[in-house]
Amino acid sequence: MDISEKKITDYKRELSGGTIEKRVALLGEELSRDFEDMEVVVVGVLNGAFIFMADLVRQISMPVELDFVRVASYGGRSFSSGEISFRKDVDLPVDGKHVILVEDIVDTGRTLSWLKKHFERRPVASVSTCALIDKKERREVPLNVDYVGFRLEKGFLVGYGLDFAEQYRNYPDIYNLDHPS
């Protein structure tokens with residue numbers, strides 16, 4: 001994918017920052033209601049989920065603990081290698097707690113499915129999944145995401161934490177690099 005000659009605004013804007021903000025607020029309310037009076041650890045998948053997770057946890061109206069994991073399956077490519085490598089596990093104790101895995105986008109489903117199984121092997125109270133975007137275009141692993149911000153059919157998306165080769169995460173809107181504007 002060669003986008004070096006174009007500006008981000010040369011591509012179709014899929015979701016505006018305002019639309020994302022409203023949906024994230026609703027997700028925060030839903031999580032607050034569903035996990036009220038429970039011990040919760042919100043675990044973000046680095047690097048992509050950090051912006052979404054920061055906004056999401058500020059919308060949760062109860063105490064939660066925060067931690068991160070780092071896995072890799074894309075490298076510098078625009079497609080998943082299919083192999084997942086674990087680079088960082090959580091530092092906080094999660095035994096007996098409700099774990100909410102927060103991901104920026106679920107595409108093939110491999111990473112989030114692998115992480116969910118990883119945490120389910122531990123003595124946790126429960127494992128739930130939350131993704132800003134659930135995109136089934138290239139889904140390879142059956143996976144039901146428990147809390148979804150947006151369901152989008154297809155496209156290579158960047159912005160609001162989503163990247164291409166570690167770039168474009170900083171944009172407040174989400175753009176589709178498969179579609180020029």
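First things first, this report covers the structure right here in the doc. All of these numbers come straight from a predicted model, not from anything done at the bench. (Residues numbered from 1 in each chain as written. Predicted model: local features only at pLDDT ≥ 70, side-chain atom pairs only at ≥ 80, totals over all residues. Heavy atoms only, no water.)

**Focus: the pattern of salt bridges**
Where charged atoms from two side chains of opposite charge approach closely, those side chains can pair.
(1) Moving on: Counted by the stated rule, this structure contains 14 salt bridges.
(2) Moving on: Ionic pairing is found between Arg58 and Asp55, a salt bridge with its closest N-O pair at 2.4 Å.
(3) Moving on: Residue Arg58 is classed as exposed on the basis of its relative accessible area of 60%.
(4) Moving on: In this structure, Arg138 and Asp107 form a salt bridge, with 2.4 Å as the shortest nitrogen-oxygen distance. With a gap of 31 residues between them, Arg138 in the loop between β6 (126–135) and β7 (147–152) and Asp107 in the loop between β5 (98–106) and α3 (110–120) connect regions that are remote in the sequence.
(5) Moving on: Among the ionic contacts, a cluster of salt bridges with common partners joins Asp107, Lys135, Glu137 and Arg138. (Salt bridge = Lys/Arg side-chain N within 4 Å of Asp/Glu carboxyl O. Buried < 20%, exposed > 50% of the residue type's maximum accessible area, 1.4 Å probe, protein only. Helix = DSSP H or I, 4+ residues; strand = E, 2+ residues; numbered from the N terminus.)

**Side note on the nonpolar core**
(1) Moving on: Judged by nonpolar contacts, the single largest core of 28 residues is most densely connected at Phe52, Leu56, Val102, Leu132, Ile133 and Ile174.
(2) Moving on: Among the elements of the structure, α1 (17–34), β2 (40–46), α2 (50–57), β5, β6 and β7 are those that each provide at least two residues to this core.
(3) Moving on: Membership of the second largest hydrophobic core comes to 19 residues, among which are Val41, Val71, Val99 and Ala131. (Core = buried A, V, L, I, M, F, W, Y, C linked by side-chain atoms within 4.5 Å.)

**Considerations on the packing of α1 against α2**
(1) Moving on: Where α1 meets α2, the axes come as close as 8 Å, and the angle between the chain directions of the two elements is 60°. As far as their axial angle goes, α2 and α1 are oblique. Relative to α2, α1 is oriented so that their crossing is right-handed. Across the interface between the two elements, Val24, Leu27, Gly28 and Leu31 of α1 pack against Phe52, Asp55 and Leu56 of α2.
(2) Moving on: Along the lines of polarity and charge, the residues of the contact of α1 with α2 split into five nonpolar, one polar and one charged. (Axes fitted to C-alpha atoms, helices over the stretch in contact; angles between N-to-C directions. Parallel < 35°, antiparallel > 145°, perpendicular 65-115°, else oblique. Left-handed = near helix turned anticlockwise from the far one by under 90°. Contact = heavy atoms within 4.5 Å. Nonpolar A, V, L, I, M, F, W, Y, C, P; charged D, E, K, R; others polar.)

**Here we look at the pairing of strand β9 (residues 174–180)**
(1) Moving on: Direction of pairing for strand β1 (residues 11–15) relative to β9: antiparallel, over a ladder of four bridges. Following the sheet pairing, Arg13 is matched in β9 by Tyr175.
(2) Moving on: Relative to β9, strand β8 (residues 157–158) runs antiparallel, the two being bridged by two bridges. Bridge assignment links Leu157 to a residue of β9, and that residue is Asn176. (Pairing = 2+ DSSP bridges.)

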